[in-house]
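Residues per chain, in single letters:
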Amino acid sequence: MTQQTIGFVGYGAMGALMGQNLRKAGYGVSAYTPSGKQQDADTPVVKTAFALAAQSDILVLCVPNDSAVFASAEGAEGFLAGARAGTIIINTSTISPEATEKLHDLANAKGLRFVDAPMSGSTPEAEKGELVMLVGASHDDLEAARPVLSTIGKLSIHAGPVGAGTRLKLVINGIMGATLNVIAEAVGYGLSSGLDRSMLYEALGQVAVISPHHKRKLAYAERGDFSAQFPTRLMSKDMGLLISAARSTHSFCPAIAIADQALALANKRHANDDYSALLSAIEKSVVHSPESSEKA
């Protein structure tokens, strides 16, 4: 049993599940949430990021975007001001490569250790401690953070130095979002052509060309369940980050650009639904039977 204390900056659905697994492993867990809300009764919530950092050996950042990271990091009440020298900062948030580099530089200037470790996986994997951690860090910093990473995830992939974890996460989420859009378009064609809806979804759930992740999304979409495991607003944000990063490297990503636009449109009505709600949006846009309309 470890005596180390872990402070979460941001403690939403993913953070709370990671926190539960860390607490079971013997860590003390507390949190700072910008909203001030308490996610679960077992996790004390402190009033400022400064206070959280001052009492923590390790900080885990789990916030939605660049601005949320720096709102909690900087200023007199930020975690950078409160953290003791040598504190390990593990950033599991998906932010831009530029924001990752900036946060790393700010942490280094304060004598803090920094691990860039966004995660691949949604709430089911977080609950079971089976996330895949995509790590950008020095060898020594990775090893210092490994006990925590191994508690919340089943595998840590060392992608390279700080920033490499963030870039790998954008690659993975780009594949997720673009593939979902292709599936949704193909489903739209299938329904427009007169294929039976139930047969179509069942067939796609059986064939090898659909990944296990997307088969899970199809199963939920078939019954019209878009409870958020990965909200559309976050997937749309990540696709936007990837498009911006791809532009900076002159990368050729037309399919990802189309998926970015499709998810941005879905975000207008399905921001807090799972990103697979794009299937419903496209399904409702095509001509199909009244029975299918009721299920979509």
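Analysis parameters
- Residues numbered from 1 in each chain as written.
- Predicted model: local features only at pLDDT ≥ 70, side-chain atom pairs only at ≥ 80, totals over all residues.
- Heavy atoms only, no water.
- Helix = DSSP H or I, 4+ residues; strand = E, 2+ residues; numbered from the N terminus.
- Buried < 20%, exposed > 50% of the residue type's maximum accessible area, 1.4 Å probe, protein only.
- Polar contact = N/O pair within 3.5 Å; in protein donor to acceptor, adjacent residues only side chain to side chain.
- pLDDT = per-residue confidence, 0-100.
- Contact = heavy atoms within 4.5 Å.
- UniProt positions renumbered as here; feature names shortened; annotations may be inferred.
- Salt bridge = Lys/Arg side-chain N within 4 Å of Asp/Glu carboxyl O.
- Expected span 1.5 Å × (residues − 1).
- Arc of directions from axis to C-beta.
- Pairing = 2+ DSSP bridges.
- Phe/Tyr/Trp six-rings, centres within 6.5 Å; stacked < 30°, edge-to-face > 60°.

### Thoughts on the side chain of Asn173
For Asn173, the location among the structural elements is in helix H8 (residues 164-192). Look at Asn173 and you get buried, because its relative accessible area is 3%. A polar atom in the side chain of Asn173 sits 2.7 Å from the side chain of Asp238.

### Looking at the confidence of the model for the chain
When pLDDT is averaged along the chain, the result is 94; 96% of the residues meet or exceed 70. Counted against residues more than four places away or in other chains, residues 288-296, with its pLDDT under 50, gives 14 contacts.

### Side note on the UniProt feature "domain: 3-hydroxyisobutyrate dehydrogenase-like NAD-binding" (unreviewed entry) in the chain
Those residues carrying the UniProt feature "domain: 3-hydroxyisobutyrate dehydrogenase-like NAD-binding" (unreviewed entry) are residues 163-281 in this numbering. When the span residues 163-281 is considered, its composition is 73% helix and 0% strand, and the gap between its end C-alpha atoms is 34 Å.

### So, the pattern of salt bridges
All chains considered together, the criterion is met by eight salt bridges. For Glu283, the salt bridge goes to Arg197, with nearest N and O atoms at 2.4 Å. Of this pair, Glu283 sits in helix H13 (residues 277-285) while Arg197 sits in helix H9 (residues 197-204), and the two are 86 residues apart along the sequence. The partner of Asp238 in a salt bridge is Lys237, with the nearest N and O atoms 2.7 Å apart.

### Considering helix H5 (residues 97-109)
Taking 1.5 Å of rise per residue, 13 residues should cover 18 Å, and H5 covers 19 Å from first to last C-alpha, within 8% of that figure. Residues Pro97, Ala99, Thr100, Leu103, His104 and Ala107 constitute the buried set of H5. Mapping the buried residues of H5 onto a view down its axis gives an arc of 160°, with all of them on the same face. Exposed side of H5, more than 90 degrees from the buried face: Asp105 and Ala109 are the residues found there. One or two residues past the end of H5 sits Gly111, with phi positive at roughly 75°.

### Comments concerning the pairing of strand E4 (residues 88-91)
Of the two faces of E4, the one carrying Ile88 and Ile90 and the one carrying Ile89 and Asn91 are both buried. With four bridges connecting them, strand E3 (residues 58-61) and E4 associate as parallel partners. Across the sheet, residue Leu61 finds its bridge partner in E4, namely Asn91. Two elements, E4 and strand E5 (residues 113-116), share four bridges in a ladder whose sense is parallel. Within the sheet, the bridge partner assigned to Ile89 lies in E5 and is Phe114.

### As for the packing of aromatic side chains
Taken as a whole and judged by the stated rule, the model has two aromatic pairs. Where Phe8 meets Tyr11, the ring centres are 5.2 Å apart and the plane angle is 65°; that geometry is what we call edge-to-face. Assessed through its relative accessible area of 0%, Phe8 is described here as buried. For Tyr11, a relative accessible area of 5% corresponds to the buried category. Centroid distance Phe230 to Tyr275: 5.8 Å. Interplanar angle 65°. Geometry classified as edge-to-face. Pair noted here: Phe230 is in the loop between helix H10 (212-222) and helix H11 (232-248) and Tyr275 is in the loop between helix H12 (254-270) and H13, with a separation of 45 residues, a long-range link. The exposure classification of Phe230 matches that of Tyr275, with both residues buried.

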